[in-house]
Amino acid sequence: MKRFIAVLALLIICASACFSAVFPNSFRASVSLGGRDDGMLQTSLSLAAAPFHFKFMTPFVLGTAYVQLSDTKLEFGGLRAGLGFDIMYIKDHPFAFLSANPTVWSPSIAGGIDYEDKALRGFIEISLFRFMEKDAIYEYMVPFCDLSESGIDRIGVLVFRFSGLF
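Keep in mind that what you see is a predicted model, and the values were worked out from it rather than measured.

## Some remarks on a nonpolar patch on the surface
A surface patch of nonpolar side chains, about 990 Å² in accessible area, is lined by Phe56, Met57, Phe85, Ile109, Ile124, Ile126, Leu128, Phe129, Met141, Val159, Phe160 and Phe162. When contributions to the nonpolar patch are tallied by element, the ones reaching two or more residues are β3 (56-69), β7 (119-127) and β10 (151-165).

In structure tokens form, the structure reads like this:
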């Protein structure tokens, strides 16, 4: 398992270096910290690419590896890959009081596959209260739904997620 993770990390680094050389200013990497309503704390390393930038409905591709901390243990949480859309970008928004710095309100929707507990699942999340700065993204109250072959597996809310960009 350790060898698989090391090879996967190396492949992600190589792919991200190639992508950022071909599409400058379209690539972002982040370390995120978030808490869910079921008492789970997630820390993740994410890579996202948005090769096209529009005023609304900007598509992006994402990849995430995360660890989870529950009440009893710290464990490898899984891998996630998917597609999404930044729905719009609004500079002058009514939620400016949430941050001391100027932010852009940028709600998004994302979906894809999630490898967790040695099983593949689908996921959907809608981030309505998502605010972007030049070096960070803040998200509040993000509803999510995990899907399995038998239907809806888990529904919840990601209470807060901070993603520091680098």
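## What to know about the pattern of salt bridges
Scanning the entire structure with this criterion turns up eight salt bridges. Between Asp114 and Arg80 there is a salt bridge, and its shortest N-O distance comes to 3.5 Å. Taken together, the residues Asp114 in strand β6 (residues 108-116) and Arg80 in strand β4 (residues 74-88) connect sequence positions 34 residues apart. When sorted by exposure, Asp114 lands in the same class as Arg80, which is buried. Between Arg121 and Asp153 there is a salt bridge whose closest N-O contact spans 2.5 Å. Here Arg121, found in strand β7, pairs with Asp153, found in strand β10; they are 32 residues apart in sequence, far enough to count as distant. Classification of Arg121 as buried rests on a relative accessible area of 15%. You can call Asp153 partly exposed: its relative accessible area is 39%. The structure contains a network of salt bridges with shared partners spanning Arg80, Asp114, Glu125, Glu139 and Arg161.

## Re the pairing of β6
The pairing of β4 with β6 spans eight bridges and is classified as antiparallel. Across the sheet, Leu79 pairs through a bridge with Tyr115, a residue of β6. Summarising the sheet, β6 and β7 pair through nine bridges and their orientation is antiparallel. Following the sheet pairing, Ser108 is matched in β7 by Ser127. Between β6 and β7, which pair antiparallel and follow one another directly, the connecting turn spans two residues, one of which, Asp117, has a positive phi of 55°.

Calculation notes
- Residues numbered from 1 in each chain as written.
- Predicted model: local features only at pLDDT ≥ 70, side-chain atom pairs only at ≥ 80, totals over all residues.
- Heavy atoms only, no water.
- Patch = residues over 30% accessible without salt bridge, like charges linked within 9 Å, V, L, I, M, F, W, Y side chains within 5 Å.
- Areas by Shrake-Rupley, 256 points an atom, 1.4 Å probe, with all protein chains shown as cover.
- Salt bridge = Lys/Arg side-chain N within 4 Å of Asp/Glu carboxyl O.
- Helix = DSSP H or I, 4+ residues; strand = E, 2+ residues; numbered from the N terminus.
- Buried < 20%, exposed > 50% of the residue type's maximum accessible area, 1.4 Å probe, protein only.
- Pairing = 2+ DSSP bridges.

That is the geometry; function is a separate question.
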